[in-house]
Amino acid sequence: MIVSLIPFYWLINTSFKVGGGLSSAALWPENPSVQNYIDVFRNAKFVLALRNSLVVSVATTFFALLFGATAAYALARLPLKRRGMILTLVLSVTTFPVIAIAAPMFNLWSQLGLYNTLLGLIIPKLTFTLPLAIFTLTSFFREIPTELEEAASIDGSSPARTFWQVILPLAVPGIVTTGILVFIASWNEFLLPATLTSTPDAQTIPVAIAFFTGASEFDIPTGTISAASVLVTIPLLVGVMIFQKRIVSGLTSGAVKG
């Protein structure tokens, strides 16, 4: 844990340094300053990128949960042959390196008019987060007793109504867990936004930080990059700490029987 936290502490340490203090290796800044954080929020590109990341990540999470829940329910309940092979095929999508499809997707998106748009980021991100949602939710649906569906069927409920009104409310813990994992994966993605965008109008926060300049384009951006990185990391860190139990249960669900 200490080894993992040292880089993050150093990032915070650097974010409070200004001027000549940025070259200092002191464990705590001699003259702490919040100027870097002020400069970050004064940068209109940072605020715009923050909004873009929020829109893309929320949309990706919503559609991943919507389509992932229905697909996972089918894999968990329908009498499908070679169900394990189907799930393996779905997961195999995540094994493709993003760099291998970045260039072809750049050409395709340019022809379709999706280049440098938020929609052009949501679609490819959904391609890689949807398998994660399906895999995680399948384990949760398997743990829900089938007797509940049988009782709902006896009462005259259709399969669709049973799924939306009976099964989904019981799978809320799994849905929340999956949503957090998908949101984090979408929020931290760098390569696709860097390849499929060219202006601040559609750039997400990881790309904006990579090209960050701070208060002016002639400043050494070490301090402002550190401050921006802290600002976009803390919300994710707090969210993971709050929902850590659900995340662990989601990752281990279905690992054992009984």
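Use the structure listed above.
Residues numbered from 1 in each chain as written. Predicted model: local features only at pLDDT ≥ 70, side-chain atom pairs only at ≥ 80, totals over all residues. Heavy atoms only, no water.

Caption draft 1: Geometry of the layout of surface pockets. Estimated volume of the second largest pocket: approximately 250 Å³. Ranked by residue count, the leading element in the lining of the second largest pocket is helix 7 (residues 146-154), at four residues. A per-class count over the lining of the second largest pocket returns four nonpolar, five polar and three charged. (1 Å grid on protein atoms, 1.4 Å probe; cavity = no way out; pocket = protein on both sides within 12 Å on 5 of 7 lines; lining within 4 Å. Points joined across faces, edges and corners; volume = space filled by probe spheres on them. Helix = DSSP H or I, 4+ residues; strand = E, 2+ residues; numbered from the N terminus. Nonpolar A, V, L, I, M, F, W, Y, C, P; charged D, E, K, R; others polar.)

Caption draft 2: Seen up close, the packing of helix 3 (residues 44-77) against helix 8 (residues 159-170). Running from N to C, helix 3 and helix 8 cross one another at 90°; their axes reach a closest spacing of 12 Å. As the angle between them shows, helix 3 and helix 8 are arranged roughly perpendicular. In contact with Leu66, Ala69, Thr70 and Tyr73 of helix 3, helix 8 contributes Phe163, Trp164, Ile167 and Leu168. For the contact of helix 3 with helix 8, the class distribution of residues is seven nonpolar, one polar and no charged. (Axes fitted to C-alpha atoms, helices over the stretch in contact; angles between N-to-C directions. Parallel < 35°, antiparallel > 145°, perpendicular 65-115°, else oblique. Contact = heavy atoms within 4.5 Å.)

Caption draft 3: Structural detail: the pattern of salt bridges. For the structure shown, the criterion picks out one salt bridge. For the salt bridge of Arg77 with Glu149, the shortest nitrogen-to-oxygen distance reads 2.4 Å. One end of the pair, Arg77, is in helix 3; the other, Glu149, is in helix 7, with 72 residues separating them in the sequence. Like Glu149, Arg77 is buried. (Salt bridge = Lys/Arg side-chain N within 4 Å of Asp/Glu carboxyl O. Buried < 20%, exposed > 50% of the residue type's maximum accessible area, 1.4 Å probe, protein only.)

Caption draft 4: How the structure looks around the packing of aromatic side chains. Under the definition given, this model contains 11 aromatic pairs. Linked through ring pairs, Tyr73, Phe141, Phe163 and Trp164 together constitute an aromatic cluster. Over the ring of Trp10 we find Lys17; its NZ or CZ atom is 5.2 Å from the centre of that ring. (Phe/Tyr/Trp six-rings, centres within 6.5 Å; stacked < 30°, edge-to-face > 60°. Lys NZ or Arg CZ within 6 Å of the ring centre and 35° of its normal.)

Caption draft 5: Here's a closer look at the nonpolar core. Formed by 14 residues in total, the largest nonpolar core has its most connected members in Val40, Phe46, Trp187, Ile205, Ile209, Ala228 and Val232. Top element by residues in this core is helix 12 (residues 222-242). It accounts for five residues. Excluding anything up to four places from it in sequence, Ile205 contacts Phe46, Ala49, Leu50, Ser53, Trp187 and Val232. (Core = buried A, V, L, I, M, F, W, Y, C linked by side-chain atoms within 4.5 Å.)

Caption draft 6: Local environment of helix 1 (residues 2-15). End to end, helix 1 covers 20 Å across 14 residues, agreeing with the expected 20 Å (1.5 Å per residue, within 8%). Those residues of helix 1 that sit buried are Asn13, Thr14 and Ser15. Residues of helix 1 that are buried sit in contact with helix 2 (35-42) and helix 12. (Expected span 1.5 Å × (residues − 1).)

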